[in-house]
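Architecture and fold: a report
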Amino acid sequence: MTPTHHDLLIRGGTVIDGTRAPRFDADIAIQGGRISAIGNLAGHSADTVIEAKGRIVAPGFIDSHTHDDQAVLSQAAMPFKVSQGVTTVVAGNCGISAAPLRPDMELPMPLSLIDTPAEGRFTTFRAYLDALRTQPSSVNVAAMVGHSTLRAVTMGSLDREATPEEIAAMQALVEEAMEAGAIGLSTGTFYPPAVKATTEEIIEVCRPLSARQALYVTHMRDEADQVMQALDETFRIGRELDVPVVVSHHKVQSPQNFGKSQVTLPHIREAMKKQRICLDCYPYTAGSTMIRADRGMLDCRVLIADSQPHPECAGRDLDDIAREWGVDRVEASRRLQPGSAIYFMMDENDVQRILAFEDTMIGSDGIPAGEKPHPRLWGTFPRVLGHYSRDVGLFPLETAVWKMTGLTARNFGLHQRGTLQPGHHADIVVFDAQTIRDAASYEDPKKPAEGIDAVIVNGAVTWQHGAHTGARGGQVITRQPISQDGQNA
Ligand code: ZN
Ligand code: CU
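This structure is a prediction, so every number in the text was calculated from the model and none was measured.

**Looking at the pattern of salt bridges**
Inspection of every chain in the model, using the stated rule, returns 35 salt bridges. For R221, the salt bridge identified is with E233, shortest N-O distance 2.9 Å. Here R221, found in the loop between β10 (215–219) and α9 (227–241), pairs with E233, found in helix α9; they are 12 residues apart in sequence, far enough to count as distant. For E233, a relative accessible area of 12% translates into the label buried. In this structure, D320 engages R323 in a salt bridge whose closest nitrogen and oxygen atoms are separated by 3.3 Å. With a gap of three residues between them, D320 and R323 both fall in helix α11 (residues 318–325), about one helical turn apart. Residue D320 is classed as partly exposed on the basis of its relative accessible area of 33%. On the basis of relative accessible area, R323 is assigned to the exposed category, the value being 59%.

In structure tokens form, the structure reads like this:
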């Protein structure tokens, strides 16, 4: 007989289970951090009951693209993610990871974007994951190792390709990270520390991924004029290693490329017939990255998010700063470096087309630093659910939820997460489909979203009544590859 008393009971809600199946009314019981029952549980009782009448009960959202590597330790409550309904973050994107590093090394941009203190650096990937296990954050973490980080820790100078000895050294570090539980490796060949890495260097460094079917994830060399070539390079790396690839924050940037998603998406679809490919996307027409002074990045409106030499410029337009200083935008950008900025470089139609593409996962790409971050840090998931699904009607709510739960868990091999089923980990969000909305704006980017009732991480109520409960129930998640028939191997 199934027990009728539980740790937690979510009563009377409408379940969207993360598989894209139509919603249904059901109660959900939780015991020992797992979902113990789903159905009509009238007559059951629990230590804690959450009334969810008129609310959607869904799997906790998985942020497929984050730079939370350090934040999960230094800002362990993770309010910017928990408040949106996020229960798991995938860290280590764009070539940048918190490990392995040496305490004595200088971190070139963009490695310093993730706010890595010189004290308490992790020289091995295992040490990083162990720190997360001993000081859990409020969310689960699945972590990747970054290729730019490996280059920085291995190579004396980054403005050239790696030698065979350096490649071997990086391979050993990848092996260590995989052994410790990294779910994949990311590259950021768009960024200075990895611009000079050749396709061949990347393939060789990534060899240890193959045996484990770990992911190759990439902020590609080019997301503008050469985006098609960059896609082909990515696919080639995936094929030669025979591993799944993730195209990070897919976009087509700069006005001359507006509309090109009509070419990139069919190209991706075609390649998917031959190999495993997925992509993520954030729901905004502005990107955010390290302050760049190259003209290609400056043909759009630029908002300064954070500047080390000029913190007073955070939140201001580059044009206004340049005018005030009597210099052009390139010179102003140079003076503001290092720091991060927001670039309004995409077209709304492309963003919608990419979001609506069947295999696109939602990922925030938020940078958890500074006073004026891109609003995606606090608003991504409610923006997809409220603005794009409900208000714009881009796809049904069941599809929106799937793009941030079941699809993501399947692509990243996150076992027993991302869908609501008895036996699965109890990562759950309760929200109001009528009122959910992102409140964070470019002007006021740190505003928590509206319409999130409760967030549960591994059975622990972590956010309720608009406030953090202080729970730190997050776990380190390792990868369990999915076999062809869709089952966890
Ligand atoms: Zn990136
Ligand atoms: Cu990123």
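Don't stop here, the text continues.
**Details of the coordination of the zinc ion (ligand 1)**
The protein atoms that coordinate the zinc ion (ligand 1) are C94 (SG), H219 (ND1) and H249 (NE2), at distances of 2.1 to 2.2 Å. Considered as a linear motif, the donors of the zinc ion (ligand 1) on their single chain read C-x124-H-x29-H. Separating the zinc ion (ligand 1) and the copper ion (ligand 2) is a distance of 3.0 Å, and C94 donates to both of them. Of this pair, H219 sits in strand β10 while H249 sits in the loop between β11 (245–247) and α10 (261–271), placing them 30 residues apart in sequence. Neither H219 nor H249 differs from the other in exposure class; each is buried.

**A word on the packing of aromatic side chains**
This structure, assessed with the given rule, holds eight aromatic pairs. An angle of 70° between the planes, with centres 5.7 Å apart, marks the rings of F125 and Y128 as edge-to-face. Taken together, the positions of F125 and Y128, both in helix α3 (residues 125–134) and three residues apart, correspond to about one turn of that helix. Residue Y128 is classed as buried on the basis of its relative accessible area, which comes to 1%. In this arrangement the basic side chain of R292 is found over the ring face of F190, its NZ or CZ atom lying 4.4 Å from the centre.

**A short note on the domain arrangement of the chain**
Considered domain by domain, the chain is made up of domain 1 (5–59 + 425–468), domain 2 (61–288 + 345–412) and domain 3 (289–344). Each of domain 1 and domain 3 has a C-alpha centre, and these two points are 41 Å apart.

Definitions and cut-offs
Residues numbered from 1 in each chain as written. Chains lettered and ligands numbered in written order. Predicted model: local features only at pLDDT ≥ 70, side-chain atom pairs only at ≥ 80, totals over all residues. Heavy atoms only, no water. Salt bridge = Lys/Arg side-chain N within 4 Å of Asp/Glu carboxyl O. Helix = DSSP H or I, 4+ residues; strand = E, 2+ residues; numbered from the N terminus. Buried < 20%, exposed > 50% of the residue type's maximum accessible area, 1.4 Å probe, protein only. Donors = N, O, S within 2.8 Å, 3.2 Å for Na, K, Ca; no water. Phe/Tyr/Trp six-rings, centres within 6.5 Å; stacked < 30°, edge-to-face > 60°. Lys NZ or Arg CZ within 6 Å of the ring centre and 35° of its normal. Domains from an automatic or database assignment.

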